[in-house]
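Examination of the molecular architecture
The lines below spell out each chain.
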Amino acid sequence: MALFVRLLALALALALGPAATLAGPAKSPYQLVLQHSRLRGRQHGPNVCAVQKVIGTNRKYFTNCKQWYQRKICGKSTVISYECCPGYEKVPGEKGCPAALPLSNLYETLGVVGSTTTQLYTDRTEKLRPEMEGPGSFTIFAPSNEAWASLPAEVLDSLVSNVNIELLNALRYHMVGRRVLTDELKHGMTLTSMYQNSNIQIHHYPNGIVTVNCARLLKADHHATNGVVHLIDKVISTITNNIQQIIEIEDTFETLRAAVAASGLNTMLEGNGQYTLLAPTNEAFEKIPSETLNRILGDPEALRDLLNNHILKSAMCAEAIVAGLSVETLEGTTLEVGCSGDMLTINGKAIISNKDILATNGVIHYIDELLIPDSAKTLFELAAESDVSTAIDLFRRAGLGNHLSGSERLTLLAPLNSVFRDGTPPIDAHTRNLLRNHIIKDQLASKYLYHGQTLETLGGKKLRVFVYRNSLCIENSCIAAHDKRGRYGTLFTMDRVLTPPMGTVMDVLKGDNRFSMLVAAIQSAGLTETLNREGVYTVFAPTNEAFRALPPRERSRLLGDAKELANILKYHIGDEILVSGGIGALVRLKSLQGDKLEVSLKNNVVSVNKEPVAEPDIMATNGVVHVITNVLQPPANRPQERGDELADSALEIFKQASAFSRASQRSVRLAPVYQKLLERMKH
């Protein structure tokens with residue numbers, strides 16, 4: 001058996017080939033995208049790649065799986081064309097691209113890959129063509145013909161007017177003194193060029209795009225006898241300044257320059273590393289209210305958070321963005337970077353006015369709108385971007401605005417605008433006190449809240465935290481959105497106005513005329529002490545009308561039997577606090593009587609045992625009261641259930657009688673009697 005297993009394993013290994021016995025090196029993102037393009041093009045013959053072309057442009061991309069199905073690049077529609085994969089060519093009369101391109105030297109390969117302009121300018125220099133045709137091993141990042149044509153006229157004139165210095169140096173900067181294939185092009189690496197050993201920046205992104213000084217690699221790995229040619233979409237130039245030096249010399253960064261100096265970030269921006277700076281222009285700073293700007297500029301921590309929110313952890317060239325993606329800033333927030341045609345967007349806004357300004361330690365994109373993180377904002381500023389404007393206006397009108405714009409460590413419990421769809425309360429002493437109890441005297445984070453925790457408000461109240469399976473509540477109000485943490489305060493968006501507890505459950509019931517009969521019943525049943533002491537109770541409180549709705553005889557019997565009354569009342573009391581926001585679809589709540597109550601929520605209506613609750617969430621210091629308009633009956637007291645039990649007993653008797661009838665003809669005559677008994681019990 002063991003021999004058979006070994007033979008089977010050997011056969012599988014031979015069938016699957018070397019990859020099954022020895023894993024090869026992992027493919028780079030570029031190679032994976034090229035492989036996918038080959039897969040999509042294979043129906044057209046060998047070595048055919050599917051290419052996506054943006055309609056109305058000359059921009060082409062090898063396609064990955066996501067782009068293949070979306071058929072869009074930067075929001076623009078694409079068409080699919082099929083071309084020979086890099087390194088192959090067509091043969092007349094043959095399907096696909098069966099022939100490998102003949103190897104020739106670098107100079108001749110330039111013409112093959114579509115960089116005849118580079119070939120032409122190489123001819124104009126005295127030294128470079130012999131080098132490209134001679135022995136050696138080189139890599140050239142060759143600009144496409146379109147790349148040369150897009151150069152500003154004055155730049156091109158300066159190159160061709162001095163071919164043996166300016167043009168030669170420019171071409172040598174595109175060359176590396178060894179063969180470098182795409183599998184060696186790693187994200188963030190630098191290559192030493194053949195012009196004064198100047199660095200070339202390489203970035204290899206997860207979506208398969210490779211950039212060289214932010215120029216996109218169009219077609220790669222064209223082998224030559226003396227090296228390799230990679231076709232790129234721009235003419236690249238040397239990089240001499242770091243990010244900090246560019247900030248220093250650009251007039252449009254005057255405010256940014258002062259902010260960086262005040263924050264102490266200049267050391268990082270002139271050091272080693274690879275960053276992306278989304279650099280706000282003077283215009284971007286001018287759009288911010290002067291009060292807000294001066295506050296941030298005068299607060300070192302807020303200023304550092306602001307600037308860190310404009311710095312990405314790695315270099316991100318514009319050419320790498322072909323669809324939306326999330327990127328993390330040094331501040332820790334997430335920005336949504338996308339593109340729309342030729343424009344880059346940040347969080348959906350086209351605010352990048354100048355892109356791909358290269359520095360020795362990264363890349364700069366100019367933006368004309370400031371990206372202020374939550375961590376640099378006041379509570380007022382946080383609320384301005386949330387659906388709580390009505391509540392914020394109430395706080396302002398109540399004279400509590402200084403708490404929301406100052407430096408106190410606070411947490412604001414702000415109800416959603418929808419809570420006030422029927423209007424807002426008048427600003428009086430009661431409302432002011434209620435609003436003060438929506439401000440917690442500490443800066444909290446919801447992820448650190450725990451069940452049973454108490455929070456102190458500016459109004460002096462102690463609020464309780466309730467943690468349920470799908471909700472996090474403070475008293476009767478539950479958190480409706482992710483909290484926003486500002487410079488000093490945190491904003492919790494709440495699903496309703498919070499009502500602090502105003503006494504024990506007994507205090508609540510005694511203070512409401514609707515419950516006078518319930519209070520008398522509780523006293524008769526000896527449960528007053530229970531509902532007055534510390535605890536966690538959910539009370540479904542029947543109103544006077546609920547008691548009056550009972551049949552007179554049943555009501556008299558119930559109120560006259562203290563033991564039975566206590567049993568019924570305990571069935572109305574759950575042994576934990578359950579507010580309406582914590583119910584979800586259905587909760588089975590254990591009562592003090594022992595049986596469970598079925599509490600459900602549908603269409604914002606709370607029900608207990610399928611009976612609607614008239615008013616939920618009256619908070620007490622030792623529980624919560626839900627108003628109901630009927631008296632609940634424990635399962636053992638419900639007529640239907642008692643009838644079911646009797647019917648089940650009769651059914652059992654009938655079964656026994658049927659069994660007995662098989663042994664005795666006399667018993668057969670008794671079976672109809674049991675059958676009638678069963679039918680009567682069922683009805």
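Residues numbered from 1 in each chain as written. Predicted model: local features only at pLDDT ≥ 70, side-chain atom pairs only at ≥ 80, totals over all residues. Heavy atoms only, no water.

Comments concerning empty space enclosed by the protein
The full count for this structure, using the stated rule, is three cavities of 30 Å³ or more. Volume-wise, the largest cavity comes out at about 130 Å³. For the largest cavity, the lining is made up of 13 residues, of which Tyr61, Phe62, Gly208, Ile209 and Arg216 are closest to its centre. Elements with a minimum of two residues in the lining of the largest cavity: α3 (29–41), β2 (60–62) and β12 (215–224). Across the lining of the largest cavity, the residue classes tally to eight nonpolar, three polar and two charged. When we break the lining of the largest cavity down by domain, the ones giving at least three residues each are domain 1 (29–99) and domain 2 (102–232). (1 Å grid on protein atoms, 1.4 Å probe; cavity = no way out; pocket = protein on both sides within 12 Å on 5 of 7 lines; lining within 4 Å. Points joined across faces, edges and corners; volume = space filled by probe spheres on them. Helix = DSSP H or I, 4+ residues; strand = E, 2+ residues; numbered from the N terminus. Nonpolar A, V, L, I, M, F, W, Y, C, P; charged D, E, K, R; others polar. Domains from an automatic or database assignment.)

Quick notes on the layout of surface pockets
Estimated volume of the second largest pocket: approximately 590 Å³. Contributing to the lining of the second largest pocket are 21 residues, with Asn476, Arg496, Val497, Thr499 and Asp617 lying nearest its centre. Here the lining of the second largest pocket takes four residues from strand β34 (residues 611–620), the largest share from any one element. Counting only domains with at least three residues in the lining of the second largest pocket, you end up with domain 4 (398–494) and domain 5 (505–635).

Re the packing of helix α9 (residues 153–160) against helix α10 (residues 163–173)
At a minimum axis separation of 6 Å, α9 and α10 run at an interaxial angle of 120 degrees. With respect to α10, the axis of α9 lies oblique. Contacts between α9 and α10 involve Ser158, Leu159 and Val160 on the former and, on the latter, Val163, Glu166, Leu167 and Ala170. For the contact of α9 with α10, the per-class residue count stands at five nonpolar, one polar and one charged. (Axes fitted to C-alpha atoms, helices over the stretch in contact; angles between N-to-C directions. Parallel < 35°, antiparallel > 145°, perpendicular 65-115°, else oblique. Contact = heavy atoms within 4.5 Å.)

Points about the sheet that holds strand β27 (residues 484–485)
Ordered by their spatial adjacency, four strands build an open sheet running β22-β21-β28-β27, and the pairing between neighbours is mixed. Both outer strands of the open sheet, β22 (439–440) and β27, are each paired with one neighbouring strand and no more. The pairing of strand β21 (residues 410–415) with strand β28 (residues 489–494) spans six bridges and is parallel. Directly across from Leu412, in β28, lies its bridge partner Leu491. Along the sheet face, helix α18 (residues 389–397) touches β21 and β22 and points at about 120 degrees away from the line of β21. (Pairing = 2+ DSSP bridges.)

Side note on the sheet that holds strand β26 (residues 477–478)
Spatial ordering of the open sheet is given by β23-β24-β25-β26, a layout of four strands whose pairing is antiparallel. Each edge of the open sheet carries a strand with a single partner, namely β23 (454–456) and β26. In terms of strand pairing, strand β24 (residues 462–467) meets strand β25 (residues 472–474) through three bridges, oriented antiparallel. Looking across to β25, one finds that Val465 is bridged to Ile474.

So, the pairing of strand β4 (residues 76–84)
Both strand β1 (residues 48–54) and β4 contribute to a ladder of seven bridges, which runs antiparallel. Among the inter-strand pairings, Val48 is bridged to a residue of β4, identified as Cys84. In this structure, strand β3 (residues 72–73) lies alongside β4, joined through two bridges in antiparallel fashion. Across the sheet, Ile73 pairs through a bridge with Lys76, a residue of β4. Counted along the chain from β3 to the antiparallel partner β4, the turn is two residues long, and its residue Cys74 has a positive phi close to 55 degrees.

A look at the confidence of the model for the protein
The share of residues in the protein with pLDDT of 70 or more is 90%, and the mean pLDDT across the chain is 90. The low-confidence segment residues 640–647 (pLDDT under 50) makes eight contacts with residues lying over four places distant or belonging to another chain. This stretch, residues 659–670, has a pLDDT under 50; its non-local contacts, to residues over four places away or in other chains, come to three contacts. (pLDDT = per-residue confidence, 0-100.)

Observations regarding the side chain of His572
Considering the arrangement of structural elements, one finds His572 in the loop between α26 (562–570) and β30 (573–574). According to the relative accessible area criterion, His572 is buried, its value standing at 3%. Within polar-contact distance, the side chain of His572 engages the backbone oxygen of Ile568 at 2.8 Å. Look past the residues within four positions of His572 in its chain and what remains in contact with it is Thr538, Val539, Phe540, Pro542, Ile628, Val631 and Leu632. (Buried < 20%, exposed > 50% of the residue type's maximum accessible area, 1.4 Å probe, protein only. Polar contact = N/O pair within 3.5 Å; in protein donor to acceptor, adjacent residues only side chain to side chain.)

Describing unusual backbone geometry
One non-glycine residue, Glu475, lies in the positive phi region at around 55 degrees. Within the secondary structure, Glu475 sits in the loop between β25 and β26. Overall, the relative accessible area of 0% leaves Glu475 in the buried class. The residue Asn604 is not glycine, and still its phi comes out positive at about 65 degrees.

Quick look at the pattern of salt bridges
Scanning the entire structure with this criterion turns up 28 salt bridges. Residue Arg172 is joined to Glu131 by a salt bridge in which the shortest nitrogen-to-oxygen separation is 2.7 Å. Separated by 41 residues along the polypeptide, Arg172 in helix α10 and Glu131 in helix α7 (residues 128–133) bring together distant segments of the chain. What makes Arg172 buried here is its relative accessible area of 18%. Residue Glu131 is classed as partly exposed on the basis of its relative accessible area, which comes to 23%. Residue Glu545 pairs with Arg548 through a salt bridge whose shortest N-O separation is 3.8 Å. With Glu545 and Arg548 both in helix α24 (residues 544–548), this residue pair falls three residues apart, about one helical turn. (Salt bridge = Lys/Arg side-chain N within 4 Å of Asp/Glu carboxyl O.)

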